[in-house]
Amino acid sequence: MTRVSFNPLKTLLKSTAVAAVSVGLMAGGIGIAHAAYTPPAKPVSVDDLARYDELTGVTISPDGKHIAALIAVKDQQWPVISIWNADDLSQKPVWIPSKTQRIIAVDFFSNDKIYFITEQPITGGDGKPTFTNKLYYSDLEGRKIEEPFKMTGTLNKDVRDSLERGISATIFNRNLYDNSKVLMETVNPDDFAQKIFELDTKTGKTRTVALGSTEFNYLAAGVDLNTGEPLIREQIDAVSGEYWYKVYIKDKASGQWVYHAPLSYKVAERKNITILGFDTDPNQLVISTNINGDHSAIYDYDIKAQTFSAEPLFANDKYDINKVSFAIDRANQKTDIFAVAVEGPDTIVSYLDPKWAAAQKSIEASFPGKNVHLTINRDTYQMAVVEVESPDFPPQYYLYKNGKLQSLGGAKPWIDPKTLGKPEFVTYKARDGLEIPAFITYPPGWTPDQGPVPLIVLPHGGPWARDEQTWDMTGWPQFFATRGIAVIQPQYRGSEGWGDKLWKAGDNEWGLKMSDDNDDAAAYMVSRGVADPKRMAIMGYSYGGFAAIAASVRPNSPYKCAIAGAGVSSLQRIGNLWGGSHVQRDIQGHTVDGMDPLKNVDKANIPILLFHGDHDRQADTEHSRMFYAAMKAAGKDVQYTEIKGMWHTLPWHVEWQEQSLGLMEDFLKSPKCGLIN
């Protein structure tokens, strides 16, 4: 399909204009002297952030007649599913609670069926406690709740066995032209080979569609939406001692699987070539790739010719474009690109449909300076659920219908946005000249002429991840900011989503240049007159926890103290855990090297607080236990709290969030840190 190149920088610059003004104010010098900054008398409390959101995960049925969400209900242990009549929101909603499992997400299978995902504690293969996610579906009244594949189907016994072992089903593709059918995915419980089933949402019956193997998987983006047949598969092959990611596409005329070299690459090269789906022409694929530059762009790929379009369909010279959304025209059995997402400081979605482009512009005008996200009903594309949020504005939800907005409620209505710290997106130069993006949250009401304040450097987890200029589900930036502490979240080298150069610059720099970037963020804040160099700390979780642990043993630390949640402490242990996974070693394992904190405990020079969930298997609890024991043996200043029942992944339970926030607040108030008076 021929399209014009796409560069929505005008839209994107709206979100950074305020930041540019703020930088100018900082650089302009100090005018009349004012009193030193005083933190708010009533900061955002532990309870404000720890309690379950009043409303979250709001979505709309394909026909637009119902809205579903999770709501916090008094006297219920967990949030419950709530379903409203979108034609009359004043009607009493249907509630579907769970007394045994926490529901963490809900969405629509079809117009008269929902599915929801729960957390379920299990014992892992290593005999240690952990958790898995389970998927169920139900009618809109919650009268009949089922697990997929429980009724009929060719491999029901195997599926039941897998479910009992904690391996649940997931949605593979729900965009089939027959909207009563959904493709589901599970795995063989013996060898974990992929199994794809078609679920009839009206009858509950299933049939086998495709069976993967230990050698290959089918791609959800490669499904024939008319027949439900997967036409694209991926596999990893060893070639001359090197692992290759290979893509095969089925030739429907001959039935043969054809190898596509332009879509394949050496695993160690970590190219981004992502198949997003078929274009309107079924001989063309829509591909996101960075093969022609530092940032990903969207191209067409001709299947028969095995060539990319000469020019990108959509590109941006500053940021990645990795995602598009498709409009599914079931009546005419065709698809087309409906919207494009530019991954700048926050994700900016631009609609190609003139009606929705105008609607987006109109809604954004009602909420200046805020992020506006639309979830449009996927059958008629006539109405939408609107989420409005920003780093200083907890999510609010609306129904957009007939050109009007109707309020549905908010995630944290007990928090007044006016009491929160203001955000800013910046870039700064690391000591070697590399440009590093970063997000700042200033203490509420702080102005440059009030002088420097305490600072927390808050590196994200991953490290192959990134932050966005959105409301932070942990609440940490505002938790610190409303206590009078400035926060900077550096997108250090090794972060994904900011271009290939920044991402790969982090290879084998754990605790070295990656940590230099964090320290340079602190130095940048001092140079701006924001941070008091004598009152700075570093706090992180997961890989961010590693960064905090590494900071505690690096020489000439700029920090007075460190806080590490679920932190990695031993690079040697990570290397050992790659085990027999040669592919994972080729993908990421070969990039994990640098300074090993556990081997440098003797150099520890600042106090550190460690906390870790005892059910954490992603960054195993042993990392904190080992580092704590080594620090104590070396006579270093270390505190450690193990949080009972907590696993690695958010969203957490209330009690885990309460305990971790309380630990951090007490530590920051202590003489060891002194960041909070």
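To be clear, the structure that these remarks concern was listed above.
Residues numbered from 1 in each chain as written. Predicted model: local features only at pLDDT ≥ 70, side-chain atom pairs only at ≥ 80, totals over all residues. Heavy atoms only, no water.

**Things to note about the nonpolar core**
One broad rule of soluble globular proteins: the nonpolar side chains tend to lie buried together.
Right, so step 1: If you look at the biggest cluster of nonpolar residues, it comprises 67 residues, and the most contacted ones within it are Leu455, Ile488, Met525 and Ile608.
Right, so step 2: For this core, the element with the most residues is helix H8 (residues 543-553), which contributes eight residues.
Right, so step 3: When near neighbours in sequence (up to four residues on either side) are disregarded, Ile608 contacts Ala548, Ile549, Ser552, Ala562, Ala564, Phe627, Met631, Asp637, Val638, Gln639 and Phe667.
Right, so step 4: Membership of the second largest hydrophobic core comes to 35 residues, among which are Phe131, Ile456, Val487 and Ile563. (Core = buried A, V, L, I, M, F, W, Y, C linked by side-chain atoms within 4.5 Å. Buried < 20%, exposed > 50% of the residue type's maximum accessible area, 1.4 Å probe, protein only. Helix = DSSP H or I, 4+ residues; strand = E, 2+ residues; numbered from the N terminus. Contact = heavy atoms within 4.5 Å.)

**Here we look at the environment of Leu49**
Right, so step 1: With respect to the helices, strands and loops of the structure, Leu49 is situated in helix H2 (residues 46-50).
Right, so step 2: We classify Leu49 as buried; its relative accessible area is 5%.
Right, so step 3: It is 12 Å that separates the C-alpha atoms of Leu49 and Thr482, two residues lying 433 residues apart in sequence.
Right, so step 4: Once residues lying within four places of it in the same chain are set aside, the contact partners of Leu49 are Val44, Lys412, Ile415, Trp471, Gly475, Phe479, Gln657 and Leu661.

**Structural notes on helix H4 (residues 354-366)**
Residues spaced three or four apart along an α-helix face the same direction, because each turn holds 3.6 residues.
Right, so step 1: The end-to-end C-alpha separation of H4 is 19 Å, in line with the 18 Å expected for 13 residues at 1.5 Å each.
Right, so step 2: All buried positions along H4 are accounted for by Trp356, Ala359, Gln360, Ile363 and Glu364. Along the axis of H4, the buried positions cluster into a sector of 130°, meaning they face one direction only. Turned more than 90 degrees away from the buried face of H4, the exposed residues are Pro354, Lys361 and Ala365.
Right, so step 3: Among the residues of H4, the N-terminal cap falls to Asp353, whose side-chain oxygen and the backbone nitrogen of Lys355 are separated by 3.0 Å. (Expected span 1.5 Å × (residues − 1). Arc of directions from axis to C-beta. Polar contact = N/O pair within 3.5 Å; in protein donor to acceptor, adjacent residues only side chain to side chain.)

**Digging into the packing of aromatic side chains**
Right, so step 1: Under the definition given, this model contains 31 aromatic pairs.
Right, so step 2: Seen in terms of ring centroids, Tyr245 and Tyr265 are 5.2 Å apart; in terms of plane orientation they differ by 35°. Their pairing is tilted. Placement of Tyr245 in strand S15 (residues 242-250) and of Tyr265 in strand S17 (residues 265-266) is noted, with a sequence separation of 20 residues between them.
Right, so step 3: On the basis of relative accessibility, which here comes to 13%, the residue Tyr245 falls in the buried class.
Right, so step 4: Three or more aromatic residues joined by ring pairs make a cluster, and in this case those are Tyr319, Phe425, Phe439 and Trp498.
Right, so step 5: A cation sits over an aromatic face here: Arg51 above Trp414, 3.6 Å from the ring centre.
Right, so step 6: Its end group placed over the ring of Tyr259, Lys246 keeps NZ or CZ at 5.4 Å from the ring centre. (Phe/Tyr/Trp six-rings, centres within 6.5 Å; stacked < 30°, edge-to-face > 60°. Lys NZ or Arg CZ within 6 Å of the ring centre and 35° of its normal.)

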